[in-house]
Amino acid sequence: MKMDEEKRMVDTYEVKHAIHVGDKEVLFAVDNTKTDYPYMVCNCTWDNPLGIDHYFNAAASPDYLEMMTEYISRVTAQLEAVKAERDKITVPLQPFTLEHCIPNDNGQNLENKVVIIRPERLRPEYRTADKQLVLATGGFGAHANSRGRAVYTVNLYSGKESRWNHEDILGTLKPEYMPDWAKERLKQIQAGRQAKQ
Amino acid sequence: MDQEINAGYVITDRLTIGNTEFVIGQNENAPAKFVTWKCKKGEKNYYWGHYCNDRMTALEDLCNRALDEIHYLRSLRQEKDANVKMAIQSEKKSRVPER
């Protein structure tokens, strides 16, 4: 459960437990006024353009232990999914640190550069090289001396497009630390982007 | 709400099963960065720490400990139900009229 949150509600249910693993959060919520189904378990994602809570796959029951078992099995399933995803990754996972980059200050233009996402801005299970290396493609935060924050990126490993804030960027990757897989992917992504233009 | 800290570890996750709570603590500067503890619901005396170095392992351990507690509570419930059944049966038997 996130300790620093005020009461969080899903419909009339108050969230008592919430564990975020991988791409989903699993919630356990209670509404004691619903005598038939006071206990509810559901999932939540934010993978939409506005980043708003999307609740789905809800199950409810009057049996606390049954719902708690469901909750734990969903968290366990998410852990297994993250492990399976990690096992599929064929590149070294060793995270990039400050020594691998030219640190991010407001003075440098990040656009069209390979930048490193700060590990602490990624979920603990995603603090790996494949999640950190991205190509900055635009956004007001990518420009030098800009007051804007948004930096639009393409992940070099997965090709997934995302939006980060300027302060989430650790720095620009020093060319000598660019792994071979990233060089290859960068070429493909740049070629794809040029073809679109 | 203020962050809760025990033995230098920030409590990041909590699961309540019956009167027992299981928590995950995180301390980036400790040799073992994560720990799971057990405690009585509503109390802060954490005990039986399981230490590890990554959050995935800690979460897995938290789930396993919670499941063990659920199984224990289920067995207690079954035992209680069986006792109630036996009590009802013996009460019925004692009411059977003598022939």
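Within each chain, residues carry numbers counting from 1 in the order of the written sequence. Following the order in which they are written, the chains are lettered starting with A and the ligands numbered starting with 1. Given that the model is predicted, a residue must reach a pLDDT of at least 70 before its local features are reported, and side-chain atom pairs must reach 80 or more before they are shown or counted; all residues, however, enter totals for whole chains, interfaces and linings.

Draft legend 1. Region of interest: the environment of A:G51. Per the convention used, a helix needs a DSSP run of H or I reaching at least four residues, while a strand needs a run of E reaching at least two, with both numbered from the N terminus. Within the secondary structure layout, A:G51 lies in the loop between β4 (39-45) and β5 (54-61). Sequence separation between A:G51 and A:K183 is 132 residues, and the spatial gap between their C-alpha atoms is 30 Å.

Draft legend 2. Molecular detail of the sheet that holds strand β3 (residues 20-26) of chain B. Residues and elements named next belong to chain B. Only strands joined by at least two bridges in the DSSP assignment are considered to pair. If you walk across this open sheet you meet the five strands as β1-β2-β3-β4-β5, and the pairing is antiparallel. Whereas interior strands pair on both sides, the edge strands pair on one side only; in this sheet they are β1 (5-6) and β5 (47-52). One ladder, built from seven bridges, connects β3 with strand β4 (residues 34-40); its direction is antiparallel. For I24, the partnering residue across the bridge sits in β4 and is T36.

Draft legend 3. Fine view of helix α1 (residues 64-88) of chain A. The span expected for a helix works out to 1.5 Å for each residue beyond the first. Spanning 25 residues, α1(A) covers 36 Å between terminal C-alpha atoms, matching the ideal 36 Å at 1.5 Å per step. Here α1(A) has its buried residues at A:M67, A:M68, A:Y71, A:I72, A:R74, A:V75, A:Q78 and A:L79. Here, residue contact means that the backbone-derived C-beta atoms of the two residues sit within 7 Å. Close packing links the buried residues of α1(A) with β2 (13-21), β3 (24-30), β4 and β5 of chain A together with β2 (9-17) and α1 (55-95) of chain B. Exposure criterion: with C-beta atoms placed from backbone coordinates, a residue whose C-beta has 20 or more other C-beta atoms within 10 Å is buried, one with 12 or fewer is exposed, and one in between is partly exposed.

Draft legend 4. How the structure looks around the sheet that holds β3(A). Residues and elements named next belong to chain A. With respect to topology, five strands assemble into an open sheet ordered β1-β2-β3-β4-β5, the strand pairing being antiparallel. Here the strands that pair on one side only, and so sit at the sheet edges, are β1 (9-10) and β5. As judged from the six bridges shared by β4 and β5, these two strands associate in the antiparallel manner. Looking across to β5, one finds that T45 is bridged to H54.

Draft legend 5. α1(B), seen in detail. With 41 residues, α1(B) extends 60 Å from end C-alpha to end C-alpha; this agrees with the ideal 60 Å at 1.5 Å per step. The set of residues buried in α1(B) consists of B:R55, B:A58, B:L59, B:L62, B:C63, B:R65, B:A66 and B:E69. Turning to α1(B), the residues buried within the fold contact β2 and α1 of chain A together with β2, β3, β4 and β5 of chain B.

Draft legend 6. Region of the structure containing the interface of chain A and chain B. Contact with chain A, which involves 16 residues of that partner, is made by 18 residues of chain B. Only β2 and α1 of chain A provide two or more residues apiece to the side of chain A that touches chain B. In terms of residue count, α1(A) provides more of the side of chain A that touches chain B than any other element does, eight residues in total. Considering only residue class, the side of chain A that touches chain B consists of 11 nonpolar, three polar and two charged. Amino acids are sorted into nonpolar (Ala, Val, Leu, Ile, Met, Phe, Trp, Tyr, Cys and Pro), charged (Asp, Glu, Lys and Arg) and polar (every other residue, Gly among them).

Draft legend 7. View of the environment of A:L135. As for its position among the elements, A:L135 is in strand β8 (residues 133-138). Linking A:L135 and A:G159, residues 24 residues apart in sequence, is a C-alpha distance of 9.4 Å.

Draft legend 8. Spatial organisation of the pairing of β8(A). All names here are of chain A. When strand β7 (residues 114-117) meets β8, the two strands line up antiparallel, connected through three bridges. Its bridge partner lying in β8, V114 is registered against L135. The sheet contact formed by β8 and strand β9 (residues 150-155) spans four bridges and is antiparallel. Within β9, the residue paired with A136 across the bridge is T153.

Draft legend 9. View of the domain arrangement of chain A. Just so you know, the domain bounds were taken from an automatic or database domain assignment. Looking at chain A, the domain boundaries give domain 1 (9-88) and domain 2 (98-196). Distance between the C-alpha centres of domain 1 of chain A and domain 2 of chain A: 32 Å.

Draft legend 10. Seen up close, unusual backbone geometry. Residues other than glycine seldom take positive phi values, yet A:N57 does so here, at roughly 55 degrees. A count of 11 C-beta atoms within 10 Å places A:N57 in the exposed class.

Draft legend 11. Structural view of the nonpolar core. In terms of nonpolar packing, the biggest core is built from 34 residues, with A:Y71, A:V75, B:L59 and B:L62 touching the most fellow members. Secondary structure elements with two or more residues in this core: β2, β3, β4 and α1 of chain A together with β2, β3, β4 and α1 of chain B. No other element matches α1(A), which puts six residues into this core. Nonpolar core, as used here: buried Ala, Val, Leu, Ile, Met, Phe, Trp, Tyr and Cys residues forming one set through C-beta atoms within 7 Å. If you look at the next biggest cluster of nonpolar residues, it comprises 18 residues, including A:L133, A:A142, A:L156 and A:L173.

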